[in-house]
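These are the residues of each chain, in order.
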Amino acid sequence: MKKVITGIVLVLFMGIWSSPASAASDLPASHGFYDEITYLMEQEILGGYPDGTVRPNVIVSRAEAAIMIGRMEELDGTQRDSRFSDVTKGQKASGYIAEAQAAGYINGYPNGTFRPYAPITRGDMAIILSRVFPTPFSITADFTDVSPNMQAYEAISDILAANITIGYANHTFQPYTHVTRGQFAAFLARGLEPEFKNDARMAHSYMKDKTKSYTYNTGTHGLETHTFRYEDGPANEPIGYIWAREVPSIKETYLYGEVETRKQLILAHPIMDVFDPPILAYPIKVGTTYSLDNVHDVTHTITAVGVTVETPYRTFTNGVEVTVEFGYKEYFVEGFGKVKTVNKNGTIFELINVE
């Protein structure tokens, strides 16, 4: 069995050096990762095979992962000796492996090997992606099969915060499962483009569409616009993709991220490295009560679902009503997040445009 697996990976490894193709005979438009694979092939990050296939369901080797990361980061792939005893100048991936190791993207094993032909796991992939893509903030991953004593725990938490993964529908991440070419393409595409980050959302997600811009009337500060874009921090260090809340009336821009876990929807602020308390608790169920935090202990209760919510942008018929202490009511809609807030004096926040 071991020889058979090695042979498959060797064929896969050879395939990545073929010229990228605009289409592949084994990649129907109905494939779950068609758009991501096509995008990476167009970017010349993922290569096809001489026979015109891309083999989206074949597992990825550690060498192939290094090659794709190297191409994406425009590293020098010139063959050379590496610090790993099992990666020599004669191997086609040696240059990318050496460069990726020098850049801090990949590591080997304590015995000095890299194991280039070994299949890569989802946990190892998370570690690499957390090093390659800026992570705007950290969050505690609550996958049922991921624990703090795992080597990949922080990395998995990072790519969850970066909207690169959401895990499986049963709330697992499956860190020891091998990764296919299609899956690896999906993760890379989500790190590169907001369009693909939209796929890292749970079913019936309340996160906003990252390809659109949202304008709200906030009452006190007038209009403000929220746009998802790539940002750098005060010291020009990369923050990564994040929501930018622009408030023209006070000439200020605030950055925040949206993250979903199986229990809640959270907003986080990368510059201050703080999290807002959960703005919505999951699963959505009338009677569910949650608090802002342990300090303020402001109680929120889901009091209605399927409600009609009128906003200047449009009328929604699938709203969730949350009643907050002190007489506030907030309204959330799938795919839009919070669309309206009212108090005893009337509307104080509402969505007015999406484009």
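Just so we're clear, the structure is a prediction, and the values are computed from it rather than from any experiment.

## Notes on the overall build of the protein chain
In step 1: Secondary structure assignment for the protein chain yields eight helices and 13 strands.
In step 2: Its C-alpha atoms give the protein chain a radius of gyration of 23 Å, within 12% of the compact-globule value 20 Å for 355 residues.
In step 3: Once the C-alpha set of the protein chain is aligned to its principal axes, its extents read approximately 75 × 40 × 40 Å.
In step 4: Taking as baseline every contact in the protein chain between residues at least 6 positions apart, the subset at least 24 positions apart corresponds to 54%.
In step 5: Put simply, the protein chain shows about 16,600 Å² of open surface, and 51% of that area lies on carbon and sulfur atoms.
In step 6: For the protein chain, the centre of its 30 positive side-chain charges and the centre of its 41 negative side-chain charges are spaced 5 Å apart.

## Some remarks on the side chain of arginine 190
In step 1: Mapped onto the secondary structure, arginine 190 falls in helix 7 (residues 181–192).
In step 2: One buried charge, arginine 190, has no salt-bridge partner; the nearest side chain with opposite charge is aspartate 199, at 5.1 Å.
In step 3: A polar atom in the side chain of arginine 190 sits 3.0 Å from the backbone oxygen of isoleucine 164.
In step 4: The residues touching arginine 190, leaving out its near neighbours within four places in the chain, are Phe33, Asn163, Ile164, Thr165, Phe196, Lys197, Asp199 and Ala200.

## Considerations on the pattern of salt bridges
In step 1: With the rule as written, the count across this model stands at 12 salt bridges.
In step 2: A salt bridge links arginine 245 to glutamate 224, with the nearest nitrogen and oxygen atoms 3.0 Å apart. Here glutamate 224 lies in strand 2 (residues 223–232) and arginine 245 lies in strand 3 (residues 238–247), a separation of 21 residues in the sequence.
In step 3: Overall, the relative accessible area of 25% leaves arginine 245 in the partly exposed class.
In step 4: Overall, glutamate 224 belongs to the buried group, its relative accessible area being 4%.
In step 5: Notably, a salt bridge pairs arginine 229 with glutamate 246, separated by 3.5 Å at the nearest N-O pair. In this pair, arginine 229 is assigned in strand 2 and glutamate 246 in strand 3, connecting sequence segments 17 residues apart.
In step 6: Exposure remark for arginine 229: the relative accessible area of 27% places this residue in the partly exposed category.
In step 7: Members of the salt-bridge network, linked through shared partners, are Asp76, Arg80 and Glu99.

## Quick look at helix 2 (residues 34–42)
In step 1: When helix 2 is considered as a whole, its buried residues turn out to be Glu36, Ile37, Thr38, Tyr39, Leu40 and Met41.
In step 2: Looking at the packing, one finds that the buried side of helix 2 touches helix 7 and helix 8 (194–197).

## Examining the pairing of strand 3
In step 1: Two strands pair when backbone bridges link them, and strand 2 and strand 3 are joined in this way by eight bridges, in the antiparallel orientation. Bridged to tyrosine 230 within strand 3 is tyrosine 241.
In step 2: Taken together, strand 2 and the strand that follows it, strand 3, pair antiparallel across an intervening segment of five residues, in which asparagine 236 is found at a positive phi of about 65°.
In step 3: Here five bridges tie strand 3 to strand 4 (residues 252–260), and the two strands are oriented antiparallel to one another. Bridged to alanine 244 within strand 4 is leucine 255.
In step 4: Hairpin connection from strand 3 to strand 4: four residues lie between these consecutive antiparallel strands, with lysine 251 at a positive phi of about 55°.

## What to know about empty space enclosed by the protein
In step 1: Applying the stated criterion across every chain yields a total of one cavity of 30 Å³ or more.
In step 2: One number sums up the size of the largest cavity: a volume of about 40 Å³.
In step 3: Every residue along the wall of the largest cavity is listed here: Pro136, Phe137, Ala161, Asn163, Phe228, Tyr241, Ile242, Trp243, Gly257 and Glu258.
In step 4: Secondary-structure elements contributing two or more residues to the lining of the largest cavity are strand 3 and strand 4.
In step 5: By residue number, the principal contributor to the lining of the largest cavity is strand 3, which donates three residues.

## Concerning the environment of threonine 172
In step 1: With respect to the helices and strands, threonine 172 occurs in the loop between helix 6 (153–161) and helix 7.
In step 2: Distance from threonine 172 to phenylalanine 143, taken between C-alpha atoms, is 4.9 Å for residues 29 residues apart in sequence.
In step 3: When near neighbours in sequence (up to four residues on either side) are disregarded, threonine 172 contacts Phe143, Thr144, Asp145 and Gly167.
In step 4: A distance of 2.7 Å separates the side chain of threonine 172 from the side chain of asparagine 170, its partner in a polar contact.

## Some details on the layout of surface pockets
In step 1: Empty space within the second largest pocket amounts to approximately 400 Å³.
In step 2: In terms of lining residues, the second largest pocket is bounded by 22 residues, among which Thr165, Ile166, Gly167, Tyr168 and Ala169 are the most central.
In step 3: Broken down by element, the residue count for the lining of the second largest pocket peaks at four residues, all from helix 7.
In step 4: Residues belonging to the lining of the second largest pocket are distributed by class as follows: 10 nonpolar, five polar and seven charged.

## Section: the pairing of strand 5 (residues 264–269)
Sheet faces and side chains relate simply in a regular strand, where the side chains alternate between the two faces.
In step 1: For strand 5, the buried fraction is high: five of the six residues fall into the buried class.
In step 2: Direction of pairing for strand 5 relative to strand 7 (residues 280–281): antiparallel, over a ladder of two bridges. If you follow glutamine 264 over to strand 7, its bridge partner there is alanine 281.

## Some words on the packing of helix 5 (residues 122–132) against helix 6
In step 1: Helix 6 packs onto helix 5 with a crossing angle of 60° between their chain directions and a minimal axis gap of 8 Å. The angle between helix 5 and helix 6 falls in the class oblique. For helix 5 against helix 6, the interelement crossing comes out left-handed. Listed contacts from helix 6 to Ala126, Ile127, Leu129 and Ser130 of helix 5 are Ala155, Ile156, Asp158 and Ile159.
In step 2: Here the contact of helix 5 with helix 6 is composed, by residue class, of six nonpolar, one polar and one charged.

How each quantity is defined
- Residues numbered from 1 in each chain as written.
- Predicted model: local features only at pLDDT ≥ 70, side-chain atom pairs only at ≥ 80, totals over all residues.
- Heavy atoms only, no water.
- Helix = DSSP H or I, 4+ residues; strand = E, 2+ residues; numbered from the N terminus.
- Rg over C-alpha atoms; globule rule 2.2 N^0.38 Å.
- Contact = heavy atoms within 4.5 Å.
- Areas by Shrake-Rupley, 256 points an atom, 1.4 Å probe, with all protein chains shown as cover.
- Lys, Arg positive; Asp, Glu negative; His and termini not counted.
- Charge placed at Lys NZ, Arg CZ, Asp CG, Glu CD.
- Buried < 20%, exposed > 50% of the residue type's maximum accessible area, 1.4 Å probe, protein only.
- Salt bridge = Lys/Arg side-chain N within 4 Å of Asp/Glu carboxyl O.
- Polar contact = N/O pair within 3.5 Å; in protein donor to acceptor, adjacent residues only side chain to side chain.
- Pairing = 2+ DSSP bridges.
- 1 Å grid on protein atoms, 1.4 Å probe; cavity = no way out; pocket = protein on both sides within 12 Å on 5 of 7 lines; lining within 4 Å.
- Points joined across faces, edges and corners; volume = space filled by probe spheres on them.
- Nonpolar A, V, L, I, M, F, W, Y, C, P; charged D, E, K, R; others polar.
- Axes fitted to C-alpha atoms, helices over the stretch in contact; angles between N-to-C directions.
- Parallel < 35°, antiparallel > 145°, perpendicular 65-115°, else oblique.
- Left-handed = near helix turned anticlockwise from the far one by under 90°.

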